[in-house]
Amino acid sequence: MIDIAGTLRRSWQQLIAHIDFPLFFIMLAIMGVGLATVNSATWDSNHRMLSQAGNMGIAMVVMWFVSRLPPQKLMNFAIPLYVFGIILLIAVFLFGIKVNGAKRWLSLGFTRIQPSEIMKIAMPLMLAWYFQKYEATLRLKHYFIAALLLFIPFALIAKQPDLGTALLVGSAGFYVIFFAGLPWKIIAGLLVAAGSAAPILWGMMHDYQQKRILTLIDPTTDPLGSGYHIIQSTIAIGSGGAFGKGYLNGTQTHLEFIPEKHTDFIFAVYSEEWGLLGNVLLLFLYTLLIGRGLIIASGAPTLFSRLLAGAITLGFFTYAFINMGMVSGILPVVGVPLPFMSYGGTALVILFLGVGMLMSIHTHRMLVKK
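Attention in this report is confined to the structure presented alongside it. (Residues numbered from 1 in each chain as written. Predicted model: local features only at pLDDT ≥ 70, side-chain atom pairs only at ≥ 80, totals over all residues. Heavy atoms only, no water.)

1. Considerations on unusual backbone geometry
Then step 1. Of note, L248 is a non-glycine position whose phi angle comes to about 70°, a positive value.
Then step 2. Of note, L248 is situated in the loop between α12 (228-239) and α13 (251-254).
Then step 3. Of note, the phi angle at E256 is positive, near 65°, even though the residue is not glycine.
Then step 4. With respect to the element layout, E256 can be found in the loop between α13 and α14 (266-298). (Helix = DSSP H or I, 4+ residues; strand = E, 2+ residues; numbered from the N terminus.)

In structure tokens, the structure reads:
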């Protein structure tokens with residue numbers, strides 16, 4: 001007689017064998033908050049909430065498949081994905097579609113893709129592979145080569161121009177180089193050099209980038225132009241008070257004062273409705289997410305796994321910090337979504353790719369121990 005219950009139990013165990021449940025449930029909680037906030041931000045057209053739910057489903061399937069790949073196989077994708085990403089970025093430079101003055105997209109006929117998103121995961125993967133390859137013979141020259149590997153995509157993305165994504169890709173690569181043991185003397189030297197080169201870099205910036213920084217200092221200089229985003233988002237955050245106005249009751253949101261309210265400025269929508277208490281809860285969830293990722297990184301058995309897990313985790317921190325900072329008016333507006341909350345398909349899949357890699361690193365280590 002067939003043991004149906006036993007077969008189903010074994011199938012279920014195999015299905016969830018590579019899922020890290022603490023990480024998964026933390027991420028699920030943030031996504032739940034995000035989905036509810038997208039629903040509020042697009043209340044007059046709830047198809048976006050349904051679309052976002054579909055994006056989450058697709059992204060979780062991607063996460064599940066990646067989590068089942070052992071870290072050794074992830075290493076095999078490092079060079080091909082990096083080279084493929086560079087080729088696509090060059091293609092954007094030559095044949096890309098210009099939207100709102102920026103050339104960031106490639107048309108495939110039936111859809112458009114943004115190749116810079118690929119580099120968010122390809123960059124740390126490539127550098128982690130590189131340092132793993134030369135782990136036993138690491139010299140100063142290897143850090144310079146790694147910096148060159150990082151600079152190429154950073155420059156191509158910044159040229160589009162897309163400073164926000166360039167910063168995210170650059171930070172992901174820097175985290176790998178830092179965790180690989182970059183000497184503090186070099187870090188101090190780079191900071192001094194960056195400070196000295198600030199006037200030159202300012203001159204190299206586009207007019208709209210300079211205006212964003214000047215607007216950060218005083219948004220009221222252009223209240224209906226470049227300062228509008230910051231002014232309206234800070235009004236929304238402040239009007240939420242300690243406990244918020246309540247779900248679906250945000251006046252700044254539903255009277256259409258907040259721009260890009262379901263994407264880059266979703267934090268302003270959330271803050272208006274849930275106030276300081278809701279913000280503390282959200283920050284707590286992100287802290288748990290980052291803490292869990294760092295625990296996985298610290299327990300990784302190889303240099304490749306540690307570098308990759310550490311860079312992915314601090315990448316989540318960078319996304320959240322930059323987004324909340326720009327919405328709160330303490331950082332320039334650079335178009336960075338809030339991880340696992342902002343509406344979007346490609347960016348969400350890339351985030352889940354990172355989560356899948358974290359799960360792969362952790363669960364395969366646990367399976368080896370068993």
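Back to the write-up after that little detour.
2. Looking at a nonpolar patch on the surface
Then step 1. On the surface, a cluster of nonpolar side chains totalling about 440 Å² of accessible area is made up of I90, F93, L94 and F95.
Then step 2. Among the residues examined, I90 registers a relative accessible area of 38% and is labelled partly exposed. (Patch = residues over 30% accessible without salt bridge, like charges linked within 9 Å, V, L, I, M, F, W, Y side chains within 5 Å. Areas by Shrake-Rupley, 256 points an atom, 1.4 Å probe, with all protein chains shown as cover. Salt bridge = Lys/Arg side-chain N within 4 Å of Asp/Glu carboxyl O. Buried < 20%, exposed > 50% of the residue type's maximum accessible area, 1.4 Å probe, protein only.)

3. Brief notes about the packing of aromatic side chains
Then step 1. According to the stated counting rule, one finds 14 aromatic pairs in the structure shown.
Then step 2. Aromatic pair F24 and F25: ring centres 5.8 Å apart, planes at 65°, arrangement edge-to-face.
Then step 3. Judged by its relative accessible area of 48%, F25 is partly exposed.
Then step 4. A network of ring pairs unites the aromatic residues F174, Y175, F178, F179 and W184 as a single cluster.
Then step 5. Between R48 and the ring centre of Y343, over which it is positioned, the NZ or CZ distance is 5.4 Å.
Then step 6. Here K133 stacks its cationic end above the ring of Y134, 5.7 Å away from the centre of that ring. (Phe/Tyr/Trp six-rings, centres within 6.5 Å; stacked < 30°, edge-to-face > 60°. Lys NZ or Arg CZ within 6 Å of the ring centre and 35° of its normal.)

4. Topic: the nonpolar core
Then step 1. Residues F131, Y286, L338, F340 and M341 are the most contacted members of the largest nonpolar core, which totals 96 residues.
Then step 2. Take this core: its biggest share by element is 15 residues, from helix α15 (residues 303-328).
Then step 3. If we skip the residues at most four places from it in the chain, F131 touches L138, H142, Y143, A146, V176, I177, A180, L303 and L307. (Core = buried A, V, L, I, M, F, W, Y, C linked by side-chain atoms within 4.5 Å. Contact = heavy atoms within 4.5 Å.)

5. So, empty space enclosed by the protein
Then step 1. As enumerated under the stated definition, the model contains 1 cavity of 30 Å³ or more in all.
Then step 2. Space inside the largest cavity adds up to approximately 130 Å³.
Then step 3. As for the largest cavity, its lining consists of 14 residues, of which K120, I312, G315, F316 and Y319 are closest to the centre.
Then step 4. Of all elements in the fold, only α6 (116-133), α8 (163-179), α15 and α16 (346-369) reach the threshold of two or more residues within the lining of the largest cavity. (1 Å grid on protein atoms, 1.4 Å probe; cavity = no way out; pocket = protein on both sides within 12 Å on 5 of 7 lines; lining within 4 Å. Points joined across faces, edges and corners; volume = space filled by probe spheres on them.)

6. What to know about the pattern of salt bridges
Then step 1. Evaluated as defined, the whole model comprises 4 salt bridges.
Then step 2. Here R292 makes a salt bridge to D20, at a shortest N to O gap of 2.6 Å. Here R292, found in helix α14, pairs with D20, found in the loop between α1 (4-15) and α2 (21-41); they are 272 residues apart in sequence, far enough to count as distant. Neither R292 nor D20 differs from the other in exposure class; each is buried.
Then step 3. Here K245 and E272 are joined by a salt bridge, their closest N and O atoms 3.1 Å apart. You can see K245 sitting in the loop between α12 and α13 and its partner E272 sitting in helix α14, a full 27 residues away along the chain.

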